[in-house]
Amino acid sequence: MDRLKGRVALITGSGSGMGRATARLFSKEGATVAVSDIDERGGNETVAAVRAEGGVASFFRCDVTKGVEVKATVDAIIAKYGRIDIVHSHVGGDIGPADTVVEDSEEDWERLMNLNIKSHFLVTKSVIPHMIRQGGGAIIITITTNAFMNYRHVQAYGTTKSALIQLTKSLAMDYAENNIRVNALAPGEILTPLWEKHFNAHPNPAEAKEAVRRKIPIGRIGTAEEVASCALFFASDDARYVTGNILFVDGGLMAGFYDPS
Ligand SMILES: NC(=O)c1ccc[n+]([C@@H]2O[C@H](COP(=O)([O-])OP(=O)(O)OC[C@H]3O[C@@H](n4cnc5c(N)ncnc54)[C@H](O)[C@@H]3O)[C@@H](O)[C@H]2O)c1
């Protein structure tokens, strides 16, 4: 239970879903957690959950698409806790059910470029100088299986997320000499508020869910906790020789074109 003892972890987008599950797990493993999100209510709920489980956490409101806010957040965490050892740069989002080149507006496209690409540039840019000064750190970026094998009508989501493959690998090469490891998670279908929203927007939510489930060799949609445990691996010394790596957390989705019949 002490794999992150004495470490300070910043988790962006931890006011919900996988980010929240990761905050709780990192805390159980001994980390002090800086919970960050644009959603103040969700962020405070995560802090309350961590504290109720005996952990140490504080909320730092931040829009990760804004460089000034990201820098101020990182500075505030350093002022409060003195260091940042782990960063899980997790925030990301999509456009909606009709994400095609013709349907998407220029504003949609720019919003997603900022949310899914620029935000990770800003977070890592602000944190890495502190990690260099401290003598090392671990960074985890959340990508998605859509960056490798996409569906129809999710083009901007898949396109923007695919840029993070190279961001992860470039960061890993550029800062290995500073003892900073950079890895990424590529979750498949994980039941979080993001997916619930999609299912509930469908005329038949149960049918929509079943259509997703059938594509997964393990035979079920994943949980936020199952992604969090992989983030823990990358964050901990168990992964001390692992950098520039992308781990599919997808129940076998990326193994091939699976048909249970
Ligand atoms: N749910 C899935 O099946 C799935 C699969 C693959 C990858 N992902 C990725 O996981 C990440 C989060 O997904 P989730 O399912 O946990 O979603 P979620 O909606 O439950 O959580 C996203 C969090 O990010 C926050 N956020 C949104 N915009 C922000 C901003 N500008 N600044 C700061 N915080 C902001 C939201 O308030 C929310 O708390 C995304 O990067 C997503 O692409 C999700």
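Shown above is the structure to which this text applies.
Position numbers for residues start from 1 in each chain and track the written sequence from start to end. Only residues with pLDDT of at least 70 are given local features in this predicted model, and only at 80 or more are side-chain atom pairs given and counted; all residues enter the totals for whole chains, interfaces and linings.

Student: Go over the overall build of the chain with me, naming the residues and quoting the values.
Tutor: Going along the chain from the N terminus, every DSSP run of H or I of four or more residues is numbered as a helix, and every run of E of two or more is numbered as a strand. Each helix and strand in the chain was counted, giving eight helices and seven strands. Relative to its length of 261 residues, the chain is compact, with a C-alpha radius of gyration of 18 Å against a globular reference of 18 Å. Principal-axis analysis of the C-alpha atoms places the extent of the chain at approximately 50 × 40 × 35 Å. Our exposure labels follow a C-beta count within 10 Å of each residue's own C-beta, placed from the backbone: buried means 20 or more other C-beta atoms, exposed means 12 or fewer, and partly exposed covers the counts in between. Looking at the chain as a whole, 42% of its 261 residues qualify as buried. By definition, residue pairs are in contact when their C-beta atoms, positioned from the backbone, come within 7 Å. Relative to all contacts within the chain whose residues are 6 or more apart in sequence, the contacts with residues 24 or more apart total 74%. A radius of gyration in this sense is built from C-alpha atoms; the matching globule rule multiplies 2.2 Å by the number of residues raised to 0.38.

Student: Give a description of the nonpolar core that names residues and reports values.
Tutor: In this structure, Ala 9, Val 33 and Ala 235 are the most contacted members of the largest nonpolar core, which totals 57 residues. At eight residues, helix 8 (residues 224-235) tops the list of elements feeding residues into this core. If we skip the residues at most four places from it in the chain, Ala 235 touches Leu 4, Ala 9, Phe 26, Ile 86, Ala 138 and Ile 140. Only buried Ala, Val, Leu, Ile, Met, Phe, Trp, Tyr and Cys residues enter a nonpolar core, and they are joined through C-beta atoms within 7 Å.

Student: Go over the sheet that holds strand 7 (residues 246-249) with me, naming the residues and quoting the values.
Tutor: Two strands are counted as paired when DSSP detects at least two bridges linking them. Pairing in this open sheet of seven strands is parallel, and the strands run 3-2-1-4-5-6-7 from one edge to the other. Among the strands making up the open sheet, the edge pair consists of strand 3 (56-61) and strand 7. With direction set aside, neighbouring strand axes in the sheet form an average angle of 20°. With three bridges connecting them, strand 1 (residues 8-12) and strand 4 (residues 86-89) associate as parallel partners. Each residue of the ladder has a partner; that of Ile 11, found in strand 4, is His 88. Against the sheet, helix 3 (residues 67-81) touches strand 1, strand 2 (32-37) and strand 3, its axis set at about 155° to strand 3. All axes here are fitted lines through C-alpha atoms, helices being fitted over the stretch that makes contact, and every angle between N-to-C directions spans 0 to 180 degrees. With respect to the sheet, helix 5 (residues 155-175) is in contact with strand 5 (137-142), strand 6 (180-187) and strand 7, its orientation differing from that of strand 6 by roughly 165°.

Student: Got a sec to walk through the packing of helix 4 (residues 106-134) against helix 5? Specific residues and values, please.
Tutor: Relative orientation of the contacting elements helix 4 and helix 5 amounts to 15°, with a least axis distance of 9 Å. One finds that helix 4 runs roughly parallel with respect to helix 5. The hand of the helix 4/helix 5 crossing is right-handed. On helix 5, the residues touching Asp 108, Trp 109, Leu 112, Met 113, Asn 116, Ile 117, His 120, Thr 124 and Ile 128 of helix 4 are Ala 156, Tyr 157, Thr 160, Lys 161, Ala 163, Leu 164, Leu 167, Leu 171 and Tyr 175. Taken together, the residues of the contact of helix 4 with helix 5 break down into twelve nonpolar, four polar and two charged. For classification, angles of less than 35 degrees are called roughly parallel, those exceeding 145 degrees roughly antiparallel, those between 65 and 115 degrees roughly perpendicular, and all remaining angles oblique. A crossing counts as left-handed when the near helix is turned anticlockwise from the far one by less than a right angle, and as right-handed when that turn is clockwise. Lys, Arg, Asp and Glu make up the charged group, whereas Ala, Val, Leu, Ile, Met, Phe, Trp, Tyr, Cys and Pro make up the nonpolar group; the residues left over, Gly among them, are polar.

Student: I'd like a rundown of the site of the ligand, residues and numbers included.
Tutor: Near, for a residue, is defined by distance from a backbone-placed C-beta atom to a molecule or strand, with 6 Å as the limit that must not be exceeded. Within the structure, the ligand sits among 29 residues, and Gly 13, Ser 16, Gly 17, Gly 92 and Thr 192 are positioned closest to it. For the shell around the ligand, the elements supplying multiple residues, two or more each, are helix 1 (17-28) and helix 6 (193-201).

Student: Could you give an account of the environment of Ile 38, naming the residues involved and the relevant values?
Tutor: Note that Ile 38 resides in the loop between strand 2 and helix 2 (40-52). By the C-beta count within 10 Å, which is 17 here, Ile 38 ends up partly exposed. As for Ile 38 and Ala 147, which are separated by 109 residues in sequence, their C-alpha atoms are 24 Å apart. Residues in contact with Ile 38, not counting those within four places in the same chain, are Arg 61, Cys 62 and Asp 63.

Student: Quick rundown of the packing of helix 1 against helix 8? Include the residues and the values.
Tutor: At a minimum axis distance of 8 Å, the contact between helix 1 and helix 8 shows a crossing angle of 55°. Between helix 1 and helix 8, the angle falls in the class oblique. Our pair here, helix 1 against helix 8, has a crossing hand that is right-handed. Contacts between helix 1 and helix 8 pair Gly 17, Met 18, Ala 21, Thr 22, Leu 25 and Phe 26 from the former with Ala 224, Glu 225, Val 227, Ala 228, Ser 229, Ala 231, Leu 232 and Ala 235 from the latter. For the contact of helix 1 with helix 8, the per-class residue count stands at ten nonpolar, three polar and one charged.

Student: Any chance you could break down unusual backbone geometry for me, citing the residues and the numbers?
Tutor: Although it is not a glycine, His 153 sits at a positive phi angle of roughly 65°. Position of His 153 relative to the elements: it lies in the loop between strand 5 and helix 5. The exposure class assigned to His 153 is partly exposed, which follows from the 13 C-beta atoms found within 10 Å. If you check the backbone angles, Asn 179 has positive phi at about 65° while not being a glycine. Tracing the sequence through the fold places Asn 179 in the loop between helix 5 and strand 6.

Student: Could you give an account of the pairing of strand 4, naming the residues involved and the relevant values?
Tutor: Because side chains alternate across strand 4, one face comprises the buried residues Ile 86 and His 88, and the other comprises Val 87 and Ser 89, equally buried. Relative to strand 5, strand 4 runs parallel, the two sharing four bridges. The residue bridging His 88 from the neighbouring strand is Ile 140, located in strand 5.

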